[in-house]
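Chains, contacts and geometry: an overview
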Amino acid sequence: MTKERTFSIIKPDATRRNLTGKINAKFEEKGLRVVAQKRLHMTQEMAERFYAVHKERPFYKDLVKFMTSGPVVVQVLEGNDAVALNRKVMGATNPANAEPGTIRKEFAESIEANSVHGSDSPENAKNEIAFFFSETEIVG
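Described in the following lines is the structure provided in the data block. (Residues numbered from 1 in each chain as written. Predicted model: local features only at pLDDT ≥ 70, side-chain atom pairs only at ≥ 80, totals over all residues. Heavy atoms only, no water.)

With respect to the nonpolar core
Phe 7, Ile 9, Met 42, Met 67, Val 74, Phe 132 and Phe 133 are the most contacted members of the largest nonpolar core, which has 23 residues in total. Elements that contribute at least two residues to this core include exactly strand S1 (3-10), strand S2 (33-40), helix H3 (44-50), helix H4 (60-67), strand S3 (72-80) and helix H7 (122-132). Here this core gets five residues from one element, more than from any other, and that element is H4. When near neighbours in sequence (up to four residues on either side) are disregarded, Phe 132 contacts Phe 7, Lys 38, Leu 40, Met 42, Met 46, Phe 50, Val 74 and Glu 137. (Core = buried A, V, L, I, M, F, W, Y, C linked by side-chain atoms within 4.5 Å. Buried < 20%, exposed > 50% of the residue type's maximum accessible area, 1.4 Å probe, protein only. Helix = DSSP H or I, 4+ residues; strand = E, 2+ residues; numbered from the N terminus. Contact = heavy atoms within 4.5 Å.)

Overview of unusual backbone geometry
Its identity as a non-glycine residue notwithstanding, Asn 18 has a phi of 60 degrees, on the positive side. Mapped onto the elements, Asn 18 comes out in the loop between helix H1 (12-16) and helix H2 (20-29). When its relative accessible area of 66% is taken as the criterion, Asn 18 is described as exposed. Phi at Ser 115 is positive, roughly 75 degrees, even though this residue is not glycine. Look at Ser 115 and you get buried, because its relative accessible area is 0%.

See the structure below:
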């Protein structure tokens with residue numbers, strides 16, 4: 001197993017319902033450690049840049065609107081095979097298909113309002129972390 005870092009967002013639907021602590025407890029129970037974290041309200045420009053990879057997809061505008069609808073918690077998680085482990089803890093994007101005990105199965109309101117985002121590869125994790133954090137903000 002390789003110790004690595006991944007990026008996580010606790011989305012507006014979850015921060016609105018005050019679920020940050022419960023969600024982070026699930027990460028920590030499975031062996032992920034929060035090594036950087038901040039709460040912020042994404043601007044339109046930030047969300048458009050962050051989700052630019054989806055710009056041509058039909059859901060892009062709704063995604064940007066949703067992600068700017070309230071505060072989010074952006075964070076860096078660290079652990080053995082953190083990218084894959086984070087994705088397992090989050091569960092399937094569609095909460096109806098998520099395994100019992102996963103974050104999305106327990107907390108998601110819909111496919112869009114599914115409480116969390118996580119990097120899908122080590123390369124994307126590095127890019128997403130760098131989008132929100134400087135190296136001095138990450139404390140292992």
